[in-house]
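Now for the letters of each chain:
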Amino acid sequence: MKVKMKNLMKDIWFNNECLRNNITPTYAKVKIKNKSKIALKVKQQSEILWIKYSLQDQHGKVDRLNKDSYKLHLELANTCNTEQFDGLYNIIIDNTEEMTSKKTKTIIKKMNQLRNKYNILNQNNHSTECNEEIRFADKLKNLSNVSFTVEEETLLRKGLKFTVEDKKDKYLENILVDSEVILESTVMDQEEKNNMRSMISVKVEDIKNKKNFKCKNNTTTIK
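For the structure given in this document, a descriptive report is provided here. (Residues numbered from 1 in each chain as written. Predicted model: local features only at pLDDT ≥ 70, side-chain atom pairs only at ≥ 80, totals over all residues. Heavy atoms only, no water.)

**Remarks on the packing of helix α2 (residues 37-79) against helix α3 (residues 82-117)**
Point 1. The contact between α2 and α3 brings their axes to 8 Å, and the two run at 140°. By the criterion of interaxial angle, the relationship of α2 to α3 is oblique. Counted together, His-73, Leu-76, Ala-77 and Thr-79 of α2 and Gln-84, Phe-85 and Leu-88 of α3 form the full contact between these two elements.
Point 2. The class makeup of the residues in the contact of α2 with α3 is four nonpolar, three polar and no charged. (Axes fitted to C-alpha atoms, helices over the stretch in contact; angles between N-to-C directions. Helix = DSSP H or I, 4+ residues; strand = E, 2+ residues; numbered from the N terminus. Parallel < 35°, antiparallel > 145°, perpendicular 65-115°, else oblique. Contact = heavy atoms within 4.5 Å. Nonpolar A, V, L, I, M, F, W, Y, C, P; charged D, E, K, R; others polar.)

In structure tokens:
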């Protein structure tokens, strides 16, 4: 996964350099027979769009890999201790550098050849290094017209699995626990205890079904 990410970032760097230096890579070349100004202009625009669509596709792949990497990172963090995690991370980094070095050389060589072809090798406005900066996918993307406060965005970033604690459910849960403790401490026989448990459960369910139920300072009681 790390190797795929690094290679994708190299391809993105290559395409960005092509756009920045007005270079058309081989894969994006459009061949036409008509040599009129309009035809040549359309050809150039088509080639630029081709590169941009390639970049869009590559960034989409990066986002998906980022999400998968994030999930894997959390799984490893939950199953490995710090020493094991650091060891695995260092192994991955070392192997990644070794496995992607060939790709780096190929990309830079290809870019230099294109610059030579377009006579822009001596210009100072291009980068000679392959930028491989990796960014993680945003945890939250607001696709609506609604503006959120910082607190609301922080809450939303916790993810779909996060739920705000329901005070009513917590209160009723405490009632069941307290009732069980009281029943266990009494001298009633087991049958009577079971009957009491059933009655309490029925009452709790009735309270749960009440829409206007409110628990204020634990004043609600089961009768």
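**Considering the environment of Ser-69**
Point 1. Mapped onto the elements, Ser-69 comes out in helix α2.
Point 2. Residue classification places Ser-69 among the partly exposed residues on the basis of a relative accessible area of 21%.
Point 3. Residues Ser-69 and Met-1 lie 68 residues apart in sequence; the distance between their C-alpha atoms is 7.3 Å. (Buried < 20%, exposed > 50% of the residue type's maximum accessible area, 1.4 Å probe, protein only.)

**Description of the packing of aromatic side chains**
Point 1. Evaluated as defined, the whole model comprises one aromatic pair.
Point 2. Residue placement shows Lys-110 over the ring face of Phe-14; its charged tip is 5.4 Å from the ring centre. (Phe/Tyr/Trp six-rings, centres within 6.5 Å; stacked < 30°, edge-to-face > 60°. Lys NZ or Arg CZ within 6 Å of the ring centre and 35° of its normal.)

**Remarks on α3**
Point 1. Over its 36 residues, α3 runs 51 Å from end to end, which matches the ideal 52 Å to within 8%, given 1.5 Å per residue.
Point 2. Maximal helix bending in α3 amounts to about 40°, located at Thr-100.
Point 3. Where the residues of α3 are buried, they touch α1 (2-20) and α2.
Point 4. Of the residues flanking the end of α3, it is Asn-119, one or two places downstream, whose phi is positive at about 55°. (Expected span 1.5 Å × (residues − 1). Bend = angle between axes of the 7 residues up to and from the residue.)

**Some remarks on the nonpolar core**
Point 1. Residues Trp-13, Phe-14, Cys-18, Ile-23, Ala-28, Ile-51, Ile-107, Met-111 and Leu-114 constitute the largest nonpolar core, which totals nine residues.
Point 2. Listed by contribution, the elements that provide at least two residues to this core are α1 and α3.
Point 3. What Met-111 contacts, discounting residues up to four positions off in sequence, is Trp-13, Phe-14, Glu-17, Cys-18 and Ile-23. (Core = buried A, V, L, I, M, F, W, Y, C linked by side-chain atoms within 4.5 Å.)

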